[in-house]
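Residues per chain, in single letters:
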Amino acid sequence: MADRSPTSLVTLPDIERALLALPDDARLTPVVRFGKSYLKLECLQPVGSFKIRGALTKRSELLPAARSSGVVSYSSGNHGWAVAHVARRLGVSATIVVPSDAPATKLLAIAREQAEIVSVAAHSDERRLAAEALARETGKALIPPYDDRAVIIGQGTVGFELLQQLKDMTSVVVPVGGGGLISGVAAALKAARPAVQVVGVEPEYATDARESFLSGHLVHWGPERVGRTFADGVRTQSLGELGYEHVSRLVDDMVAVSEQEIESALVALLESR
């Protein structure tokens, strides 16, 4: 169980140290204008998402165990790719537990990093339990996708970079799955510029985090509910406990978007390259 005390919240110095420790190819992604907003292009990371930041930050505390036995993680795809990539760079083995409905493109990316893939039922809880069991049985070091302090610190480097790149920003909108990204971004922004509004966004078919935010307690949704959304990367059944602590203390609002809005935005992004 995650530490739920106030001291468990990550700090700006934590995030700054993590940023300095990141290799050059995994930091300072560009920010570009898109309509009336700006986009931070984490899609240009070596593994196509911000997930590499958390995986790289977590590696430092796992190196002794990882070098002897390897690493294991669980993911709908993006985090697994990041962990597999980092493991290959370190020269250690990786096992990634994925849902049975993981997109083929993400599975191919993980396989190209020479990681072993273990497929389980399409439940976020199922893959977490399977990965934890593998870690116990094999001695592999576990790298969780979001409910982990080091991972949240790593994802918070996105927010730290935004502080330097957009001096006049008034709000930041963050997609929410397990809550690692929004927790880290909120920790960075609220420490440096408390007036900046941090808004989380979920698909309307998977608003477990929004329900947790509004109800004041951690809510868990079943896989059949979150599995309805087109956005496969955010089908997590609940926030992590540490993520919920950050969201409840630091986030200003949580909103939902429709499947049609997600698809329209995807088309607009593709058309604008």
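As shown above, the structure is provided for reference.
Okay, so let's go over this structure. (Residues numbered from 1 in each chain as written. Predicted model: local features only at pLDDT ≥ 70, side-chain atom pairs only at ≥ 80, totals over all residues. Heavy atoms only, no water.)

## Notes on the overall build of the protein chain
Quick reminder of the rule: Helix and strand assignments follow DSSP, with helices taken as H or I runs no shorter than four residues and strands as E runs no shorter than two, numbered in order from the N terminus. Both definitions apply: the radius of gyration is a C-alpha atom measure, and the globule rule equals 2.2 Å times residues to the power 0.38. We call a residue buried when its accessible area falls under 20% of the maximum for its residue type, exposed when it is over 50%, and partly exposed in between, using a 1.4 Å probe and counting protein chains only. Whether two residues are in contact is decided by their heavy atoms, any of which lying within 4.5 Å being enough.
In terms of regular secondary structure, the protein chain is built from eleven helices and nine strands. Radius of gyration (C-alpha) of the protein chain: 17 Å, near the 19 Å computed for a compact globule of 273 residues. Each principal axis of the C-alpha atoms in the protein chain carries an extent, and together these give about 50 × 40 × 40 Å. When burial is assessed residue by residue, the protein chain has 51% of its 273 residues classed as buried. Counting only contacts in the protein chain whose residues sit at least 6 apart along the sequence, the fraction spanning at least 24 positions is 70%.

## With respect to the layout of surface pockets
This is how the line gets drawn: The method works on a 1 Å grid over the protein atoms by themselves. A cavity is a set of points holding a 1.4 Å probe that cannot get out, a pocket is an open set with protein on both sides within 12 Å along at least five of seven lines, and residues with an atom within 4 Å of a point line them. Grid points are joined across faces, edges and corners, and a volume is the space filled by probe spheres set on the points. When residues are sorted by character, Ala, Val, Leu, Ile, Met, Phe, Trp, Tyr, Cys and Pro go into the nonpolar class, Asp, Glu, Lys and Arg into the charged class, and all the rest, Gly among them, into the polar class.
In this model, the second largest pocket occupies a volume close to 440 Å³. Of all the elements in the fold, those that place two or more residues in the lining of the second largest pocket are α5 (124-138) and α10 (241-250). Here the element with the most residues in the lining of the second largest pocket is α5; it accounts for four residues. Of the residues contributing to the lining of the second largest pocket, the split by class is nine nonpolar, six polar and seven charged.

## Re the environment of Glu-261
Convention followed: The definition of a polar contact used here is a pair of N or O atoms within 3.5 Å, where within protein one atom must be able to donate a hydrogen and the other to accept one, and adjacent residues in sequence count solely through side-chain atom pairs.
By secondary structure assignment, the location of Glu-261 is in helix α11 (residues 259-272). Classification of Glu-261 as partly exposed rests on a relative accessible area of 47%. C-alpha of Glu-261 to C-alpha of Pro-203: the two residues are 58 residues apart in sequence and 9.1 Å apart in space. For Glu-261, the side chain forms a polar contact with the main-chain nitrogen of Ser-258, separated by 2.7 Å.

## Quick look at the sheet that holds strand β8 (residues 197-203)
We count it as follows: Strands pair, by our definition, only if DSSP identifies at least two bridges between them. In this description, a line fitted to the C-alpha atoms serves as the axis of each element, helices being fitted only across the stretch in contact, and the angle between N-to-C directions of two axes falls anywhere from 0 to 180 degrees.
Within the open sheet, the three strands sit side by side as β7-β8-β9. Their pairing is parallel. Among the strands making up the open sheet, the edge pair consists of β7 (171-175) and β9 (253-257). Pairs of neighbouring strands in the sheet enclose a mean axial angle of 30°, with direction left out of account. Looking at chain direction, β8 and β9 are connected through five bridges and run parallel. Bridge assignment links Glu-202 to a residue of β9, and that residue is Ala-256. Relative to the sheet, helix α7 (residues 180-192) contacts β7, β8 and β9, its axis offset from that of β8 by approximately 170°.

## Remarks on the packing of aromatic side chains
So the rule is basically this: Pairs were defined over the aromatic rings of Phe, Tyr and Trp, the Trp ring being its six-membered one, requiring ring centres within 6.5 Å. Orientation was assigned from the angle between planes: stacked under 30 degrees, edge-to-face over 60, tilted for the rest. Sitting over a ring, as applied to charges here, requires NZ of Lys or CZ of Arg to be within 6 Å of the ring centre and within 35 degrees of the ring normal.
As enumerated under the stated definition, the model contains zero aromatic pairs in all. Residue placement shows Arg-225 over the ring face of Trp-221; its charged tip is 3.5 Å from the ring centre.

## Let's talk about helix α8 (residues 208-215)
Condition: As used here, the arc belongs to the directions running from the helix axis to the C-beta atoms.
All buried positions along α8 are accounted for by Asp-208, Ala-209, Ser-212 and Phe-213. Each buried residue of α8 sits inside an arc of 140° when the element is viewed along its axis, so together they form one side. Elements in contact with the buried residues of α8: β8, α9 (223-226), α10 and β9. Immediately beyond the C-terminal end of α8, within one or two residues, lies Gly-216, with a positive phi of roughly 85°.

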